[in-house]
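What follows is each chain in one-letter form.
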Amino acid sequence: MRIGFGWDSHEFKLGLPLKIGGVELAHDKGLSGHSDGDVLLHALTDALLGAVAAGDIGGYFPPSDPQWKGADSAIFLKEALMQVRRAGYAVANLDATLILAEPKIGPHSSRIQARVAELLGIQPGQVGIKAKTPEGMGTDGAAIAQVVVLLIPSPNSF
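Bear in mind the structure is a predicted one, so any value in this text is a computation, not a measurement.

Asks: Please provide a residue-by-residue account of the pattern of salt bridges, values included.
Replies: Within the structure shown, the criterion is met by four salt bridges. Between Asp36 and Lys19 there is a salt bridge, and its shortest N-O distance comes to 3.5 Å. Of the two residues, Asp36 sits in the loop between strand E4 (29-31) and helix H1 (39-51) while Lys19 sits in strand E2 (residues 18-20), which places them 17 residues apart along the sequence. Note that Lys19 is salt-bridged to Asp72, the shortest N-O span being 3.5 Å.

Asks: Provide a residue-level description of the sheet that holds strand E5 (residues 89-99), including the pertinent values.
Replies: In space, the five strands of this open sheet follow the order E4-E1-E7-E5-E6, with mixed pairing throughout. The open sheet has two edge strands with one neighbour each: E4 and strand E6 (127-132). When the angles between neighbouring strand axes are averaged without regard to direction, this sheet yields 20°. In this sheet, strand E7 (residues 142-153) lies alongside E5 in antiparallel orientation, the contact comprising 10 bridges. Bridge pairing in E7 places Ala90 opposite Ile152. Along the sheet face, H1 touches strand E1 (2-14), E4, E5, E6 and E7 and points at about 155° away from the line of E1. Across the sheet, helix H4 (residues 109-120) touches E5 and E6, and the angle it forms with E6 is around 140°.

Each value, and the rule that gives it
Residues numbered from 1 in each chain as written. Predicted model: local features only at pLDDT ≥ 70, side-chain atom pairs only at ≥ 80, totals over all residues. Heavy atoms only, no water. Salt bridge = Lys/Arg side-chain N within 4 Å of Asp/Glu carboxyl O. Helix = DSSP H or I, 4+ residues; strand = E, 2+ residues; numbered from the N terminus. Pairing = 2+ DSSP bridges. Axes fitted to C-alpha atoms, helices over the stretch in contact; angles between N-to-C directions. Contact = heavy atoms within 4.5 Å.

Here's what the structure looks like:
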């Protein structure tokens, strides 16, 4: 078994679409970043890469490379999943915590859960999505994601 942890944050900015977990949410601000700013998929990508000691998201998709400007973060996740499979592992489950003042994630959590599961090729019951508000942390203008993944040896690698 392998465990990976990922963390990411992005600042909210007017005029951008808001994507979290591969789902576009209605909100007046989106997350700024070189790609689409999907804080959850970025943290998940790092967790997967870290679990198999394959570096981090910036090593594969450097923000200095203009081809990744505005890119769909699902591309990053796909690469991380390929590295996991190459190492002979499969995703057993993941647990994610989103920290943001708004929008409220509760009404969207099942859609996010389903989309993340779809991107990973696992069942929604293997994806935990929680959200907390950043009370007193001074991070109301940003979104933070923390993700832990558990990998198990892939049945296809033996």
